[in-house]
Amino acid sequence: MYDVAIVGAGVVGSAIARELSKYKVNACVIERDEDVCNGTSKANSAIVHAGFDAKPGTLKAKLNVRGNAMMDELSKELDFPFKRNGSLVVCTKDQDPALLDELVEKAKANGVEVQILERDELIEMEPNLADDVVKALYAPTGAIVCPFHLTMALAENAADNGVEFFLNTEVVKIEKKDDYYVITTDKDVIEAKTVVNAAGVYADKFNNMVSENKLEIIARRGQYCLLDKDAGNHVSKTIFQLPSKMGKGVLVTPTVHGNLLVGPTAEDIDDKEGINTTAEGLDSLGVTSAQSVKNVPMRQVITSFAGLRAHEVKGDFVIGEAEDAKGFFNAAGIESPGLSSAPAIGEMVAGLVAESLGLEKNPEFNGTRKGILNPATLSVEERNELIKKQPAYGNIICRCEMISEGEILDAIHRTLGARSLDGVKRRTRAGMGRCQAGFCSPKTMEILEREVPMSMFDVTKNGKDAKIVFGYNKKI
C-alpha cells in the first residue's frame, strides 16, 4: 500500500510529487497518457505571471506570487529554461485607462511590483506596439518558461528521489475503504492511504466519486499560433491585453526557445478531449493580436495547437482535503495562472499531506537534476571534444533545430525517458522547427526502435493509438 497516490502527471501533479519526495514517503503518480506533460501542461502560454491580475485574497493570488518567486532558484536546481523578460498590459485610446489603475491596486494588494508607462516610454521598450496603444502596466517580474522542461524536470527529480510513476495507466474508479482508498485502473488496483487529485479537466470526476461537495469543471479551450524563430524578436516582453471575465486576452510573447507565440482564444466547450483547432479560432488571433502589437508576421506560423484550461465554476483554485473524505486532497480547477503557481501548489499540497500522515523529512533528498546537454551552449573546442568521445553528438537528426542523435539518446535513456515522437520532441526540440518533423521523424523512429528497444509498429506520435507505421509497402 502506498502512503500517497497522485492522479495526474501534469505540472501540478509533478510538482506535488517532487515536494513529497522531500519526505520519507511511499508515493506514486498515476497518469493515463504515455508520458508526463501530455495535457494542459503542454499546451498553454508558457508564461510565468507576475501576479497583478489575480483577485487579492484568493488562492490564485497567493500561489501565483509565491510560485513566481520560486522559479529562479527552481530553474537552477532542475536545469530548465526560464527567463524574466517582463510583461506589459496595454491600453488603447478606445479603452478605459481606469482599468489599468484597478490592476495597480490589485498588484499592491498582492505585493507585486508594477508601474504605469506612457506611450513614449513604451515605444522605446517595444517599437512594434500598436499605434492605438497609449499606456500600459509594466511588471518586471513577469517571465517565460518552457512548460515541457519544467514539468519533466519536476517529474524526473521526483522519480530519482523514489516516487514511482505508472504511465499509460488510466484511473477508472476511486473508492474509500475504511482508512484507505482503492484506486481501480485499466490495468490494476492500487491502494493508498491518501489520494491527491491533480487530474486537470477531470478533477471534478474523481472528487465527485468520494465527496458530496461536488465540483464542476468546464473545459475552456485556448487556441494558439506558434511562429518561426525569424519572428521571435518582434517583441521582447509578454504583451497582454486588458483582461476580461474569460481570461487575460490574446497575448503576443517570445518563447524561451526564440519563437513568437500568439494566443489564446477562450471558449467553453463540452468536450473534455476537444483539443482540436478551428479555422475561425485561429483566424481570429491575427485580428485580435493586432489591437496590441502591429505587423505580427502571421505568415510565419509554423504550427498551431489548442489546450484546455480546467475552469472551476466558483472561479478559484480548489486546494486541500475534502471535508467529507478524509485523506483525499484536491488540486483542482488549476487554470491560469496554474503554470506560474505550480511550484507553490506543490509546496502547499505536499505540506498538507505530510501533516496528515505525520511524515518525516527525507535526509537523502537530492534536489538537483541535470537537463539534456545542448551542444550549442559549448565552445567549438568543447563540442569537438564531446563528439570525439561520443560520436552520436556529431550526427544531426533534426536539421531545423540542429538536434543531434546524442541528445535524442539522452532523452530516451534518462529517468522517465521518451517513448514516442512527441516525447523526444518535447525533451530535445527535434521536430519543432520549420518543417515540423517532416524530415527527422523517420530517423527518430529508427532510434526509438533500436534503443528502447521497440517494434517500429509500436512507435507512436504520442502514445496509445497514435501509431505511424501500419504495414509494409512490399514483401520482404
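For the structure, check the block above.
Residues numbered from 1 in each chain as written. Predicted model: local features only at pLDDT ≥ 70, side-chain atom pairs only at ≥ 80, totals over all residues. Heavy atoms only, no water.

A. Layout of the layout of surface pockets. Estimates place the volume of the second largest pocket at around 760 Å³. Looking at the second largest pocket, it is lined by 28 residues, and the ones nearest its centre are Ile372, Leu373, Asn374, Thr377 and Glu407. Every element with two or more residues in the lining of the second largest pocket is listed here: α9 (380–389), β22 (403–404) and α11 (421–428). For the lining of the second largest pocket, the residue count by class is twelve nonpolar, eight polar and eight charged. (1 Å grid on protein atoms, 1.4 Å probe; cavity = no way out; pocket = protein on both sides within 12 Å on 5 of 7 lines; lining within 4 Å. Points joined across faces, edges and corners; volume = space filled by probe spheres on them. Helix = DSSP H or I, 4+ residues; strand = E, 2+ residues; numbered from the N terminus. Nonpolar A, V, L, I, M, F, W, Y, C, P; charged D, E, K, R; others polar.)

B. Region of the structure containing empty space enclosed by the protein. Scanning all chains against the criterion turns up five cavities of 30 Å³ or more. Within this model, the second largest cavity holds a volume of roughly 40 Å³. Forming the walls of the second largest cavity are Ile47, Val48, His49, Ala50, Phe52, Asn85, Gly86, Ser87, Gly142, Ala143, Thr238 and Phe240. Counting only elements with at least two residues in the lining of the second largest cavity, the list comes to β3 (47–48) and β14 (238–241). Taken together, the residues of the lining of the second largest cavity sort by class into six nonpolar, six polar and no charged.

C. Broad picture of helix α6 (residues 203–210). Taken together, the buried positions of α6 are occupied by Ala203, Asp204, Phe206, Asn207 and Val210. The buried side chains of α6 occupy one side of the element, clustering within an arc of 165 degrees when seen end-on. Close packing links the buried residues of α6 with β1 (2–7), β10 (171–177), β11 (180–185), β12 (189–197), β13 (217–227) and β20 (328–332). (Buried < 20%, exposed > 50% of the residue type's maximum accessible area, 1.4 Å probe, protein only. Arc of directions from axis to C-beta. Contact = heavy atoms within 4.5 Å.)

D. Here's a closer look at the packing of helix α2 (residues 59–78) against helix α5 (residues 147–160). Contact geometry for α2 and α5: axes closest at 10 Å, N-to-C directions at 60 degrees. Classified by chirality, the crossing of α5 by α2 is left-handed. Residues Met71, Leu74 and Leu78 of α2 form the contact with α5, whose own contacting residues are Leu150, Ala153, Leu154 and Asn157. Tallied by class, residues from the contact of α2 with α5 come to six nonpolar, one polar and no charged. (Axes fitted to C-alpha atoms, helices over the stretch in contact; angles between N-to-C directions. Left-handed = near helix turned anticlockwise from the far one by under 90°.)

E. Spatial organisation of the sheet that holds β3. What the three strands build is an open sheet, ordered β3-β8-β4; its pairing is antiparallel. This sheet does not close on itself; its edge strands, each paired only once, are β3 and β4 (82–83). Pairing geometry for β3 and strand β8 (residues 143–145), over two bridges, is antiparallel. Looking across to β8, one finds that Ile47 is bridged to Ile144. (Pairing = 2+ DSSP bridges.)

F. Here's a closer look at the environment of Asn233. For Asn233, the position within the fold is in the loop between β13 and β14. Asn233 sits 74 residues away from Ala159 along the chain, and the two C-alpha atoms are 37 Å apart.

G. Highlighting the pattern of salt bridges. This model, assessed by the stated rule, comprises 35 salt bridges. With its nearest N and O atoms 3.6 Å apart, the salt bridge here joins Asp422 to Lys425. Taken as a pair, Asp422 and Lys425 lie in helix α11 at a separation of three residues, close to a single helical turn. Of the two residues, Asp422 and Lys425, both sit in the buried class. What you see here is one network of salt bridges that share partners, running through Glu156, Arg369, Asp410 and Arg414. (Salt bridge = Lys/Arg side-chain N within 4 Å of Asp/Glu carboxyl O.)

H. Up close: the packing of helix α1 (residues 11–20) against α5. Relative to each other, α1 and α5 sit at 30 degrees, their axes nearing to 8 Å. Note on packing geometry: the crossing formed by α1 with α5 is left-handed. Contacts between α1 and α5 involve Val11, Ser14, Ala15, Ala17 and Arg18 from the first element and Leu150, Thr151, Leu154, Ala155, Asn157 and Ala158 from the second. Classifying every residue of the contact of α1 with α5 gives seven nonpolar, three polar and one charged.

I. Representation of the nonpolar core within the structure. Membership of the largest hydrophobic core comes to 55 residues, with the highest contact counts inside it found for Ile6, Val12, Phe80, Leu150, Phe165 and Ile345. Secondary structure elements with two or more residues in this core: β1, α1, β2 (27–30), α2, β8, α5, β20 and α8 (338–357). With residues up to four places along the chain from it excluded, the contact list for Ile345 reads Val12, Ile16, Leu63, Phe317, Ile319, Ala331 and Ile334. (Core = buried A, V, L, I, M, F, W, Y, C linked by side-chain atoms within 4.5 Å.)

J. Broad picture of α11. Taking burial as the measure, the eight residues of α11 include eight buried ones, the bulk of the element. Looking only at α11, the buried set comprises Leu421, Asp422, Gly423, Val424, Lys425, Arg426, Arg427 and Thr428. The first or second residue beyond α11 is Arg429, which carries a positive phi of 80 degrees.

K. Seen up close, the pairing of strand β5 (residues 87–92). Among the six residues in β5, six count as buried, and that is most of the element. Judged by which residues are buried, β5 turns out to be covered on both faces: Ser87, Val89 and Cys91 on one side and Leu88, Val90 and Thr92 on the other are all buried. Summarising the sheet, β5 and β14 pair through four bridges and their orientation is parallel. What sits directly across from Ser87, in β14, is Thr238.

L. Quick look at unusual backbone geometry. With omega at 0 degrees, the peptide bond leading from Gly263 into Pro264 counts as cis. Note that Pro264 resides in the loop between β16 (260–263) and β17 (267–269). A cis amide bond links Ser336 with the next residue in sequence, Pro337, at an omega value of 10 degrees. The residue Pro337 is located in the loop between β20 and α8 in this model. The phi dihedral of Asp178 falls on the positive side, at around 55 degrees, and the residue is not glycine. With respect to the helices and strands, Asp178 occurs in the loop between β10 and β11.

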